[in-house]
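# Chains, contacts and geometry: an overview
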Amino acid sequence: MSTIYQAKSIRTMDPHQPHATHLAVKDGHILAVGTGADVADWQSAWGPLELNTDFAERTLLPGFIEGHAHMMEGLLWDYHYVGYYDREGPDGTIWPGLKSIDDVVAHLKQIQETRDDPSEPLIAWGFDPIYFEGRRMTANDLDSISAACPVAVLHASLHILNANNFIMDAADVKNADNSEFIRRDTRGKPTGEFLGQLGMYMAMRTTNLDLLAAASSPKTLQTFSQVARQTGVTTCTDLANPVPEGAEVAMRETVEKDSFPMRLVVAYQGNSRPPEESVARMQALQDKQSDKLRFSLVKFVADGSIQGFSARLKWPHYYNGAPNGLWYIEPDRLREYLKAFTAAGFQCHVHTNGDECTEVTLDAIEDALRAHPWPDHRHTLQHCQMASRAHFKRMKNLGVGVNLFSNHLYYWGDEHRAITMGPERAGRLDDAGGCLEEGVPLAIHSDAPVTALAPLFTAWCAVNRLSSSGVTLGGESEKISLEQALYAITMGAAYSLRLDTEIGSLEVGKRADIAILADDPIEVGAAGLKDISVIGTMVDGHVHLNKGRDA
Amino acid sequence: MSQSPPIGSAPKVSLTIIAGFLGSGKTSLLNHLLTQSQGRKITALVNDFGALNIDSELIEAQHGNQVSLTNGCICCSIGDDLMRSLADIMRQDPLPDHLIIEASGVADPTRIAAYAAVDPQLRLDGIVTLVDAAAHALHAQDPYLADNYHKQIEAGHMLLLSKPDLVEAHQLETLEAELRANYPTTPQARVRNGHLPIEVVLGLQAKEQVQTAPPLTPQIEAHGLKSWSGHLPDNLSRNALADKIISLAPHVLRAKGVLADAQGAYALHYAGGRIHFENLDVTPSGHFVLIGKPELPNAETLSTLFQPARA
Ligand SMILES: [Zn+2]
């Protein structure tokens, strides 16, 4: 049966017809878009069509597209959220932000007292001490939750972990080895804070628990899709995944179900195998795709993060004098990989945080394109937080797109002003305005689970450029308009994933992927964008209503 | 691969990290080590199978990212999965004697070394950094990688100068002098096509073998290196012994002993400026072995130094 959905407002993102109130869906696709006046014509041409008024007071937008997230978001909800900001779980529960170390400890204590088996490892995530003045969390804090079972708290960055003494004793943390990755107090005693992947390793070794093993299990996928649905996302990426042999089949079984509320674009981790073998693996994945599961991108991570001081920056490097960051892949090897995948005709997305890394990556892309010209390659720089106007001009000339990490402006904006970049360079952080003015295709993202998956919030960040303390980063030239931001989280992201002929706008022939909102973002305006309630989504015409909302 | 019991007092795995830029000879060195394992069970965690030219006679089986060898296994981990690969290896039963991690060309080897500090079953033997003699000038001034290059050299407990045959003798000497000036306590050795005695890179044989006979191979002399071994008196404290070894740096590449002092029995491992003591509950043989450069003092001087009671 085909259906006409009547809405209060439909923002189509189609310049031909930006605003509508009625939309007809047939076989998972959009049959017609218009107003009440068009319905009679549609009935005579395509009828009979059933009129559905469930969303008559709602606003419909193209389903949001998250162009940079990680499936790990789905895994972390198996553990306990202890972040500073409120965060919505897959079931619609709002987990209130915890505003002090004591709050975190008290919250976990309560969980410890009520859980079935208090001897099991207790794992929490999302902790972010940059908002707490003064002291840092210690092993003693966590011992007060329990000293008789492993207690571990993973930080929001995913690159620091706090452990209790139970874990440290089991790991026999050696005092003698003066590793800079183990934080110590003034007397040289480890405080319980471990940097890099050290903490995660130690927790895995001492608990005999593979914290990451379930990373692509059906349950993780299911949770990931539920988080996406709660925020109006109908297509989400997993950036990146090495796709071990057979994983593609398991993923497809889960994703294919009509009840699975999301289209999943898996970016294959390009350097998970040597170049030739890696291209072959990507080729082998091509006929494993389906309408809802895509293996269409290749991803590389070229440097680290700015707040972790591991991004590669140009002179004068870090504002606080920290040494320049790390390459995660040799520039020569990146060049080799980009050449191999460009030759084979696969679109590449490269994580580049610092501006030095952005330059090196653009050099490598230019090299690849000289060797293997490809007019519509759409290679994309991910994060690309410190790109200058000159970099954007070069991207334009090379046909390279960008997906900016706009959520950083809010979550780490103050940190970037004060510590990592200084006020001047922090002003051009994630410069969406400059990007569009130079004519570079733009998407914006959350990098969930690093920050919460919520495209309307990401759009709000790009429009307002406010840090969490309320400081504006940069000026008007770095901001984008509300309309541009909504475009970035729909058509902009669709373009970056080469899916813009299928999704990203509500126009005839496209997939019926729709975000159902309580209010119209254009009427709400820039300031209230992040607070708009998401009622649910439609994916291929199947309605998925959110938990905790009245339809 | 069966699950090992929770970590505790199980035997220690020695960890060696091979660092160095792309093309600096890490793979050749690893190849050479795997073909002369001399009874050690070695697991190697490498960046790239393809480049390893594994002797087919050594291969028992291959599945996925793992090749089983008659004397150990090779696991491949590229991308950013080192942490999980390491955790998987450390869950193997039985554990290998020695784990070699080939760091990527841009890795900070101290980051990898740090895993040993939080794993009671891992003992860091050392970081071996390969310096490409032919490309040194280029790498030291690379606009994007120079800081990384110097960090790797600084992190090295031993510096191996590869491709010495590709540069003029005086250039090689200049490079060696430069490294010596900047890193005076870090020993250096030249390595051609990966050929270096396994004792130099991985340390001397397992402790059982040190107890019985000093494992000196004629290879050591063949490589232009020097070795000395002897029985040490048990009135020599471990700290005094450490001072004596350090007084010979940077000419000492390796030392190992299964010894006793007033505190009890212990094994001593020395690699490039780092001394590690491990308490033992065996009766020590008192044997001590030293491998070093030709500049080491002669045997007579060494016995005066280490065996004062007998001198
Ligand atoms: Zn990411």
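Residues numbered from 1 in each chain as written. Chains lettered and ligands numbered in written order. Predicted model: local features only at pLDDT ≥ 70, side-chain atom pairs only at ≥ 80, totals over all residues. Heavy atoms only, no water.

When its secondary structure is counted, chain A shows 19 helices and 24 strands. Viewed in the frame of its principal axes, chain A has a C-alpha envelope of about 80 × 60 × 50 Å. By the burial criterion, 63% of the 551 residues in chain A qualify as buried. For chain A, contacts bridging at least 24 residues in sequence account for 70% of all contacts bridging at least 6. On chain A, the mean spot of the 49 positive side-chain charges and the mean spot of the 72 negative ones are 3 Å from each other. (Helix = DSSP H or I, 4+ residues; strand = E, 2+ residues; numbered from the N terminus. Buried < 20%, exposed > 50% of the residue type's maximum accessible area, 1.4 Å probe, protein only. Contact = heavy atoms within 4.5 Å. Lys, Arg positive; Asp, Glu negative; His and termini not counted. Charge placed at Lys NZ, Arg CZ, Asp CG, Glu CD.)

In this assembly, 36 residues from chain B lie in contact with 47 residues from chain A. With both chains or domains summed, chain B and chain A bury close to 3,600 Å², and 55% of this area falls on carbon and sulfur atoms. At the boundary of chain B with chain A, the tally comes to 2 salt bridges. With its nearest N and O atoms 2.8 Å apart, the salt bridge here joins A:Arg312 to B:Asp147. There are 8 residue pairs in polar contact (both at pLDDT 80 or more) connecting chain B and chain A. Of all the secondary structure elements, the ones that give two or more residues to the side of chain B that touches chain A are helix 2 (82-90), helix 3 (109-113) and helix 5 (146-155) of chain B. With 5 residues, helix 2 of chain B is the single largest residue contributor to the side of chain B that touches chain A. Looking at the side of chain B that touches chain A residue by residue, the class counts come to 18 nonpolar, 8 polar and 10 charged. (Buried area = accessible area lost by both parts, 1.4 Å probe. Salt bridge = Lys/Arg side-chain N within 4 Å of Asp/Glu carboxyl O. Polar contact = N/O pair within 3.5 Å; in protein donor to acceptor, adjacent residues only side chain to side chain. Nonpolar A, V, L, I, M, F, W, Y, C, P; charged D, E, K, R; others polar.)

Let's shift gears to the coordination of the zinc ion. Residues and elements named next belong to chain A. Taken together, His-68 (NE2), His-70 (NE2) and Asp-447 (OD) make up the protein donors of the zinc ion, found 2.1 to 2.2 Å from the metal. Read in sequence order, the donor residues for the zinc ion give the motif H-x1-H-x376-D. A residue is classified by how much of its surface remains accessible, and His-68, at 1% relative accessible area, is buried. (Donors = N, O, S within 2.8 Å, 3.2 Å for Na, K, Ca; no water.)

Another aspect to go through is the domain arrangement of chain A. All names here are of chain A. Per the domain assignment, the segments of chain A are domain 1 (72-207) and domain 2 (218-539). Taking only C-alpha atoms, the centre of domain 1 and the centre of domain 2 are 29 Å apart. For the pair domain 1 and domain 2, the summed buried area comes to about 1,600 Å², and 59% of that belongs to carbon and sulfur atoms. Considering only the side of domain 1, the residues that lose the most area to domain 2 are Glu-73, Tyr-85 and Pro-90, jointly responsible for 33% of the buried surface there. (Domains from an automatic or database assignment.)

This part covers the pattern of salt bridges. Residue and element names in this part refer to chain A. As enumerated under the stated definition, the model contains 43 salt bridges over all chains in all. Asp-287 serves as the salt-bridge partner of Lys-288, at 3.4 Å between the closest nitrogen and oxygen. What makes Lys-288 partly exposed here is its relative accessible area of 30%. Among the salt bridges present, the one from Arg-294 reaches Glu-502, with a minimum N-O distance of 2.8 Å. Here the residue Arg-294 occupies a position in strand 17 (residues 293-301), and Glu-502 occupies one in the loop between helix 18 (482-496) and strand 22 (514-517), the gap between them amounting to 208 residues. Arg-294 sits in the buried class, given a relative accessible area of 10%. One salt-bridge network, held together by shared partners, links Arg-263, Asp-291, Arg-294, Glu-502, Arg-511, Asp-513 and Asp-540.

A separate point is the domain arrangement of chain B. Residues and elements named next belong to chain B. As assigned here, chain B comprises domain 1 (13-201) and domain 2 (225-306). Placing a centre on the C-alpha atoms of domain 1 and another on those of domain 2 gives a separation of 25 Å. Between domain 1 and domain 2, the contact holds 17 residues from the first and 15 residues from the second. Carbon and sulfur atoms make up 60% of the surface buried where domain 1 meets domain 2, a total of about 1,300 Å² over both sides. Two residues, Arg-254 and Asp-125, come together in a salt bridge whose shortest N-O distance is 2.6 Å. Taken together, the links from domain 1 to domain 2 amount to 5 residue pairs in polar contact (both at pLDDT 80 or more). Those elements that place two or more of their residues in the side of domain 1 that touches domain 2 are strand 7 (122-132), strand 9 (188-191) and helix 7 (198-202). At 4 residues, the largest contribution of residues to the side of domain 1 that touches domain 2 is made by strand 7. A class-by-class count of the residues in the side of domain 1 that touches domain 2 yields 8 nonpolar, 5 polar and 4 charged.

Turning to helix 2 of chain B, a few remarks are in order. All of the buried residues in helix 2 of chain B are B:Met83, B:Ser85, B:Leu86, B:Ala87, B:Ile89 and B:Met90. At its buried positions, helix 2 of chain B is contacted by helix 6 (198-207) of chain A together with strand 1 (13-20), strand 2 (42-46), strand 5 (72-76), strand 6 (98-102) and strand 7 of chain B.

Let's shift gears to the packing of helix 11 (residues 355-371) of chain A against helix 12 (residues 389-398) of chain A. Residues and elements named next belong to chain A. Relative to each other, helix 11 and helix 12 sit at 20 degrees, their axes nearing to 11 Å. Judged by the angle between their axes, helix 11 and helix 12 are roughly parallel. Crossing angle aside, the handedness with which helix 11 passes helix 12 is left-handed. Within the contact between the two elements, helix 11 uses Asp-355, Thr-358, Glu-359, Leu-362, Asp-363, Glu-366 and Leu-369 and helix 12 uses His-391, Arg-394, Met-395 and Leu-398. (Axes fitted to C-alpha atoms, helices over the stretch in contact; angles between N-to-C directions. Parallel < 35°, antiparallel > 145°, perpendicular 65-115°, else oblique. Left-handed = near helix turned anticlockwise from the far one by under 90°.)

What follows covers the sheet that holds strand 19 (residues 380-383) of chain A. Residues and elements named next belong to chain A. The strand order 6-15-16-17-18-19-20-21 describes an open sheet built from 8 strands, whose pairing is parallel. Of all strands in the sheet, those bounded by a partner on one side alone are strand 6 (64-66) and strand 21 (442-444). The average angle at which neighbouring strand axes cross in this sheet is 25 degrees, direction not considered. Both strand 15 (residues 233-241) and strand 16 (residues 263-269) contribute to a ladder of 6 bridges, which runs parallel. (Pairing = 2+ DSSP bridges.)

As a further point, take the confidence of the model for chain B. Residue and element names in this part refer to chain B. Confidence in the prediction for chain B averages 83 pLDDT; 86% of positions are at 70 or higher. Of all helices and strands in chain B, the one with the weakest mean pLDDT is helix 8 (residues 207-212) (46), whereas helix 5 scores best (95). For the stretch residues 1-9, pLDDT sits under 50, and the model shows 19 contacts to residues farther than four places along the chain or on other chains. Across residues 206-214, confidence stays below pLDDT 50; counting only partners more than four residues off in sequence or on other chains, it has 19 contacts. Scored by ipTM, the complex comes to 0.88, with pTM at 0.90. (pLDDT = per-residue confidence, 0-100.)

This next bit is on the sheet that holds strand 4 (residues 66-69) of chain B. All names here are of chain B. Read across the open sheet, the 9 strands follow the order 3-4-5-2-6-1-7-8-9; overall the sheet is mixed. The open sheet terminates on both sides in strands that have one partner only, identified here as strand 3 (59-63) and strand 9. Within the sheet, the average angular offset between the axes of one strand and its neighbour, ignoring direction, is 20 degrees. Here 4 bridges tie strand 4 to strand 5, and the two strands are oriented antiparallel to one another. The residue of strand 5 that forms the bridge with Gln-66 is Cys-75. Running at roughly 130 degrees to strand 7, helix 5 makes contact with strand 1, strand 7 and strand 8 (158-162) of the sheet.

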